[in-house]
Every structure is written in C-alpha cells, then in structure tokens.
Amino acid sequence: MFATLRRHVARGVGLQVRAKSGGQHNVLNRGQLPFLYNASGPTAVRYTDQHEWIAAHADGTAFVGVTKYAADALGDATYVELPAADAAVEVGEGLGSIESVKSASEVYAPAGGVVVEANEALQASPQLLNQDPMGAGWLCRLRLHDAAELDSDRLMTLERYEQSLREDA
C-alpha cells in the first residue's frame, strides 16, 4: 500500500511508530461494524505487507481497511478517496487513496471482489481513519469472488503481521 510509508521507514521515521503500533494494536475493534457485521464475528482477519487488513464473514462479505501501523505512519488523514459501489476489483488493484499531512498513499485490494459499499463517514470525517483504523475507519465492504484467496501465503495472520513489523524495526 504505502510506497511513501516505506520511504519514511527507510529514513527512520517509522521506528517510533513501530514501537507504538506493535503488540496487538492491529487487532480488529470488536465494537465496530467490521466485527459486528454478524453475530459470530469474522471468520478470518488477514493482513498484507502493504498494511491493509481484510475481515471476512461467513456470507462472503469482507471489510477492508488499513492497519493502525499504517494510520500512525501516515499521520493525520485529511482526505480519503473511496471506491465506487459495484466496482469490481482484483487482488492488488487500487481501492482508493489516503491523503494526510505527511503524504498520500494508495490502498490496494487484499482480495478480489465487488465493492458493496464504501464507508461514507470517512468523507466527512477522514480523522476516523486515525482514531479507529481497525474499526470505524474501515474503507469498504466487498463481496468476495473467492474466500479461499484469504488462505494465500501473501496474506498474513495477526501474529505473522506483528512479527513482520518487529523484523523490519
């Protein structure tokens, strides 16, 4: 997701963010729609090396957002470009972008699907992305083409994602 983020990390800016964002802060917020969409919660939550998360539910619906690590590294969000409803996306295609006081970064689809809805609350309040990136700051809801994509090696469990952050420090 964040080529700009990698430049910041390369310059050492990300080290402080990593220290604050490690240790299970990239866990889905259990009090918000991406978790509460159905009574049993998501069947899987996965993370990309580009710092997106995807929370899939049993009915083939998945919520997509950016991790706390990414939100912290970007700084205060000032604008969020969201995908259009009914847009078909494939793995790795752009879903939108986030502009902040520090930079602008693309957001990429962690899995293929069709956009069911975008989180319109981010249009009026982009700061939700910083306040609750793992909950109220979700970007869009997809109808997945194939839920088996979530088992791909390119997607990480929370434990693997947190370990990757520690290894990059």
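See the structure above.
Conventions used here
Residues numbered from 1 in each chain as written. Predicted model: local features only at pLDDT ≥ 70, side-chain atom pairs only at ≥ 80, totals over all residues. Heavy atoms only, no water. Phe/Tyr/Trp six-rings, centres within 6.5 Å; stacked < 30°, edge-to-face > 60°. Helix = DSSP H or I, 4+ residues; strand = E, 2+ residues; numbered from the N terminus. Pairing = 2+ DSSP bridges. Axes fitted to C-alpha atoms, helices over the stretch in contact; angles between N-to-C directions. 1 Å grid on protein atoms, 1.4 Å probe; cavity = no way out; pocket = protein on both sides within 12 Å on 5 of 7 lines; lining within 4 Å. Points joined across faces, edges and corners; volume = space filled by probe spheres on them. Nonpolar A, V, L, I, M, F, W, Y, C, P; charged D, E, K, R; others polar.

Caption draft 1: How the structure looks around the packing of aromatic side chains. According to the stated counting rule, one finds three aromatic pairs in the structure shown. Geometrically, the ring pair formed by phenylalanine 63 and tryptophan 138 is edge-to-face, given 5.2 Å between the ring centres and 90° between the ring planes. Here the residue phenylalanine 63 occupies a position in strand E3 (residues 61-66), and tryptophan 138 occupies one in the loop between helix H6 (128-131) and strand E9 (140-144), the gap between them amounting to 75 residues.

Caption draft 2: Seen up close, the sheet that holds strand E7 (residues 104-108). Read across the sheet, three strands follow the order E4-E6-E7 without closing on themselves; strand pairing throughout is antiparallel. Each edge of the sheet is formed by a strand with only one pairing partner; in this case those strands are strand E4 (77-81) and E7. Taking each pair of neighbouring strands and ignoring which way they run, the sheet shows an average axis angle of 20°. Across five bridges, the pairing between strand E6 (residues 94-100) and E7 is antiparallel. Following the sheet pairing, glycine 96 is matched in E7 by valine 107.

Caption draft 3: Main features of empty space enclosed by the protein. In this structure the tally under the stated criterion is one cavity of 30 Å³ or more. By volume, the largest cavity amounts to about 40 Å³. Considering the residues around the largest cavity, the lining is formed by Glu81, Leu82, Pro83, Leu95, Gly96, Ser97, Val107, Leu139 and Cys140. Per-class residue counts for the lining of the largest cavity are six nonpolar, two polar and one charged.

Function cannot be read off these values alone, since they describe shape.
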